[in-house]
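# An overview of the molecular structure
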Amino acid sequence: MNQIPSILTAIREKSPLVHNITNYVVMNNTANALLAIGASPVMAHAKEEVEDIVTISSALVINMGTLSKNWVEAMKLAAQKASKTKTPFVFDPVGVGASTYRTETAQEIIATYTPDVIRGNASEIMALTNSTLSTKGVDSTHNSLDAIQAAKQLSKELGNTIVISGEKDIIVTGEKVSTVSNGDALMAKITGMGCTATAMVGACIAVEGNTHLAATAAMAIMGVTGDITKNASNGPGSFQMNFLDNLHLLTSDQLSEYLILNE
Ligand SMILES: Nc1ncnc2c1ncn2[C@@H]1O[C@H](COP(=O)(O)OP(=O)(O)O)[C@@H](O)[C@H]1O
Ligand SMILES: Cc1ncsc1CCOP(=O)(O)O
Ligand SMILES: [Mg+2]
């Protein structure tokens, strides 16, 4: 718990370069959120350059939100390079289970390149272990608590950390389970909040080698910023704007004061 504020401090001190291959919907928001927390984003998805960009980056974020053939090829090249350069790598399986293409792509990336962290909502994490589970789209129809068994199974198979986001954010590494209970229901009404959470995991794994701790810190940053934002916002539009401001203003003291963490 007391290590979490120091991860925020490290992001601000080091301003790690975070390479994102992400979707058209959230690209601008994600870059702004990374800047607001103190990291340095680069969005790059051309096959011709992703390996070079991985080489100079401190973390790789792959998000398959708006996937297509060229992008998937770029994702694989980047993930392969990250495993060679030991660059920490987080994967967001957006909408897995909604189409065969999404399911097959997610399964191949996970099985071949073993992301250090996978962050998804409950339906997505469940769809990763149950190929017959058909998801609604990019939004969850399950509670994060429903996905704990699937997350444990995945984490043990892959030897990595799984984050299930939702009203409660659940971080799973093998049998270790931590829960962050901050945030607000409006966060599910703003597109790209999950993608922002995944990018925050990228910023945290760039400066902290313990993936469970880093992923917990990322969800703490999201949840506490959500708590601070909710009182000043009237709806999704102002929440989105205020959230960015509050990410920028977030202090280590606020993280310690607001965080509701069970481990
Ligand atoms: N009901 C809720 N209460 C508090 N926080 C929430 C709630 N729903 C989502 N969040 C937060 O919103 C962010 C995105 O999570 P989620 O909506 O599950 O992802 P996705 O957008 O990928 O479906 C996370 O930081 C999560 O904690
Ligand atoms: C709506 C949508 N469609 C494809 S990607 C995307 C954004 C999803 O973002 P998030 O999972 O963070 O809400
Ligand atoms: Mg999502």
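Residues numbered from 1 in each chain as written. Chains lettered and ligands numbered in written order. Predicted model: local features only at pLDDT ≥ 70, side-chain atom pairs only at ≥ 80, totals over all residues. Heavy atoms only, no water.

Before going further, it helps to examine the nonpolar core. I37, M200 and I221 are the most contacted members of the largest nonpolar core, which has 47 residues in total. For this core, the secondary-structure elements that each account for two or more residues are α1 (4–14), α2 (27–37), β3 (59–63), α8 (193–207), α9 (211–230) and α10 (236–249). It is α9 that provides the largest number of residues to this core, a total of eleven residues. Among residues more than four places away in sequence, those in contact with I221 are L8, I37, M200, C204, L247, L250 and L255. (Core = buried A, V, L, I, M, F, W, Y, C linked by side-chain atoms within 4.5 Å. Buried < 20%, exposed > 50% of the residue type's maximum accessible area, 1.4 Å probe, protein only. Helix = DSSP H or I, 4+ residues; strand = E, 2+ residues; numbered from the N terminus. Contact = heavy atoms within 4.5 Å.)

Opposite charge on two side chains permits them to pair, given that their charged atoms come into close proximity. Here the structure, examined in full by the defined rule, presents seven salt bridges. With a shortest N-O distance of 2.8 Å, R119 and D92 are connected by a salt bridge. With R119 in strand β5 (residues 117–121) and D92 in strand β4 (residues 89–92), the pair connects residues that are 27 residues apart, well separated along the chain. Judged by its relative accessible area of 0%, D92 is buried. (Salt bridge = Lys/Arg side-chain N within 4 Å of Asp/Glu carboxyl O.)

For the rest of this paragraph, the subject is the site of ligand 1. Taken together, 17 residues surround ligand 1, and among them R119, N121, S165, D169 and D184 come closest. R119 has a polar side-chain atom sitting 3.2 Å from an oxygen atom of ligand 1. Coverage of ligand 1 by the protein chains reaches 87% of its 550 Å² of free accessible surface. Listing elements by their share of the shell around ligand 1, those giving two or more residues are β5, α8 and α9. (Near = heavy atom within 4 Å. Polar contact = N/O pair within 3.5 Å; in protein donor to acceptor, adjacent residues only side chain to side chain. Areas by Shrake-Rupley, 256 points an atom, 1.4 Å probe, with all protein chains shown as cover.)

In the vicinity of ligand 2, the contacting residues are N23, V25, V26, G65, V138, T191, G192, M193, G194 and C195. Here an oxygen atom of ligand 2 sits 3.5 Å away from a polar atom, N or O, in the main chain of M193. Within the backbone of G194, an N or O atom sits 2.9 Å from an oxygen atom of ligand 2. Here ligand 2 loses 80% of its free accessible area of 370 Å² to cover by the protein chains. Looking at the shell around ligand 2 residue by residue, the classes come out as five nonpolar, five polar and no charged. (Nonpolar A, V, L, I, M, F, W, Y, C, P; charged D, E, K, R; others polar.)

To continue, consider helix α7 (residues 148–158). The complete set of buried residues in α7 reads I148, A150, A151, K152, L154, S155 and L158. Summarising the contacts, the buried residues of α7 are in contact with α5 (100–113), β5, α6 (122–129), β6 (161–165), β7 (169–173) and β8 (176–180). One or two steps after α7, the chain reaches G159, where phi turns positive at roughly 65 degrees.

The next thing to look at is the UniProt feature "binding site: ATP" (unreviewed entry) in the protein. UniProt records the feature "binding site: ATP" (unreviewed entry) at R119 and S165, using the numbering of this structure. Spanning 47 residues, the annotated positions come together in the fold, the maximum distance between their C-alpha atoms being 7.3 Å. Every residue in contact with R119, bar those within four places of it in the chain, is listed here: F91, D92, P93, V163, S165, G194, C195, A197, T198 and V201. Considering the arrangement of structural elements, one finds S165 in strand β6. Discounting chain neighbours no more than four positions away, the residues touching S165 are R119, G120, N121, A122, S144 and M219. (UniProt positions renumbered as here; feature names shortened; annotations may be inferred.)

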